[in-house]
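Analysis of the macromolecular model
Here is what each chain is made of, one letter per residue.
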Amino acid sequence: MRILVTGAGGMLGHDVLAATGRLGHEAVGLTRAELDIADADAVREAVAGTSPQAVVNCAAWTDVDGAEAEPDAAAAVNAAGAGHVAGHAHRAGAWTLHVSSDYVFDGAKREPYVESDATGPLSAYGRSKLAGEQAVAAAAPERHTIVRTSWLFGVHGRCFPKTIQRLGDERDILHIVADQVGCPTFTGHLATVLVALAARPQLGVRHVAAAGQCSWCEFARAIVAASELDCRVDPITTDQYPLPAPRPAFSVLRSERQAPTLPSWRAGLTAFMTQVQRAAA
Ligand SMILES: NC(=O)c1ccc[n+]([C@@H]2O[C@H](COP(=O)([O-])OP(=O)(O)OC[C@H]3O[C@@H](n4cnc5c(N)ncnc54)[C@H](OP(=O)(O)O)[C@@H]3O)[C@@H](O)[C@H]2O)c1
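Now for a quick tour of the structure. (Residues numbered from 1 in each chain as written. Predicted model: local features only at pLDDT ≥ 70, side-chain atom pairs only at ≥ 80, totals over all residues. Heavy atoms only, no water.)

Turning to the sheet that holds strand β4 (residues 95-101), a few remarks are in order. Overall, parallel pairing links the 6 strands, which are arranged β2-β1-β3-β4-β5-β10 in an open sheet. If you trace the sheet from one side to the other, it starts and ends with β2 (26-30) and β10 (204-207), each paired once. On average, adjacent strands in this sheet sit at an angle of 20° to one another, irrespective of strand direction. Bridge analysis of strand β5 (residues 144-149) against β10 gives 4 bridges, and the strand direction is parallel. Paired with R148 across the bridge in β10 is H207. Contacts from helix α5 (residues 124-139) reach β4 and β5, with the element oriented near 160° to β4. (Pairing = 2+ DSSP bridges. Helix = DSSP H or I, 4+ residues; strand = E, 2+ residues; numbered from the N terminus. Axes fitted to C-alpha atoms, helices over the stretch in contact; angles between N-to-C directions. Contact = heavy atoms within 4.5 Å.)

To continue, consider the site of the ligand. Not every one of the 22 residues close to the ligand is listed here, only the nearest: R32, D36, T62, Y125 and K129. Interatomic distance of 2.8 Å between a side-chain N/O atom of D36 and a nitrogen atom of the ligand. Interatomic distance of 2.8 Å between a side-chain N/O atom of K129 and an oxygen atom of the ligand. Taken by itself the ligand offers 890 Å² of open surface, and the protein chains cover 79% of this. If you list the elements that add at least two residues to the shell around the ligand, you get α1 (11-22), β4 and α5. Among the elements that make up the shell around the ligand, the one with the highest residue count is β4 (3 residues). Of the residues that constitute the shell around the ligand, the class distribution is 12 nonpolar, 7 polar and 3 charged. (Near = heavy atom within 4 Å. Polar contact = N/O pair within 3.5 Å; in protein donor to acceptor, adjacent residues only side chain to side chain. Areas by Shrake-Rupley, 256 points an atom, 1.4 Å probe, with all protein chains shown as cover. Nonpolar A, V, L, I, M, F, W, Y, C, P; charged D, E, K, R; others polar.)

Our next topic: α5. If you check α5, its first and last C-alpha atoms are 22 Å apart, about what 16 residues at 1.5 Å a residue would give, namely 22 Å. Residues of α5 that are buried include every one of A124, Y125, G126, S128, K129, L130, G132, E133 and V136, and no others. Check the buried side of α5 and you find it contacts α3 (64-69), α4 (71-91), β4 and β5. (Expected span 1.5 Å × (residues − 1). Buried < 20%, exposed > 50% of the residue type's maximum accessible area, 1.4 Å probe, protein only.)

Attention shifts here to the packing of helix α2 (residues 40-50) against α4. Two numbers describe how α2 lies on α4: the axes approach to 9 Å, and their chain directions differ by 40°. Once α2 is placed against α4, the crossing between them reads as right-handed. Here A40, V43, R44 and V47 of α2 come into contact with α4, specifically with H84, V85, H88 and A89. Looking at the contact of α2 with α4, its residues break down into 5 nonpolar, 2 polar and 1 charged. (Left-handed = near helix turned anticlockwise from the far one by under 90°.)

Counting residues in each nonpolar core, the largest one holds 29 residues, and the members touching the most others are F160, I164, I176, W216, F219, L269 and F272. Listing elements by their share of this core, those giving two or more residues are α6 (160-170), β7 (173-177), α8 (216-226), β12 (232-236) and α9 (265-280). No other element matches the 7 residues that α8 contributes to this core. Apart from residues no more than four positions distant in its own chain, L269 is found in contact with F153, F219, A222, I223 and A226. Of all hydrophobic cores here, the second largest spans 23 residues; its members include I3, W95, V195 and A259. (Core = buried A, V, L, I, M, F, W, Y, C linked by side-chain atoms within 4.5 Å.)

Right, dumping it as structure tokens:
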């Protein structure tokens, strides 16, 4: 089948585009320069011009802290833009697979969030992603899957493991937040599942994140060990590392709807390291 990937130049979009071809589908990837999803007419033309059977929407405003200062600009992409994609895909008879976020939750729970849990975003970014889910469901009521995922890292973008590798090379001690817990999810693993879901869709919201859970501090320690860096990682609290946008303290995602499962975050880190080493060789 033909699958249109929006945001194809991004970290996840890049891997979804690659997985589409690997799984035997015809991939049409459009980067932000080629398609601005906030432009409804451009989305209509892109869908009409490519005639996809499914659209995987990886395009998003992902600057979580920047969204606090520019909530309308974030919403124009994450809410209105997502609605344009789903609406024009729906009118063209195509399925929309839309990517959403653990940041739609407030993080007050202490056991994994399932699809039916109440949302309550803490940040402008989280509110824009929740509004995007609602826009997608309204625009394509019978033809959408919304995949909530979390803490993405991948080879083709800026991500936490790359930051830790750089800082760990420069410093003897890193201070990393230990009171936020989530599921670091490797985009290479997620991309394969997203394409499979686009080809055999399930209607509605699905939680798809790496198995296991950890804090940023535990994740950083695993990255330092895997990278054989001579650097100590000490825990700090969120209060000791203030950022403009509040983050959920706990955002582990699990599915109550038989969503596809992913390998553990440790397996994701191993796969990430292998790909990074291969790219450097
Ligand atoms: N990263 C995470 O930890 C995380 C966690 C949970 C969910 N998600 C979701 O996963 C999806 C993919 O995120 P990612 O991590 O791959 O982020 P990313 O690397 O920032 O990719 C997003 C892509 O969307 C593009 N974009 C921004 N505005 C656009 C617009 N108006 N029209 C078309 N494209 C636009 C960006 O282009 P520019 O780079 O040129 O701006 C970028 O290529 C997003 O829906 C995000 O909300 C991410």
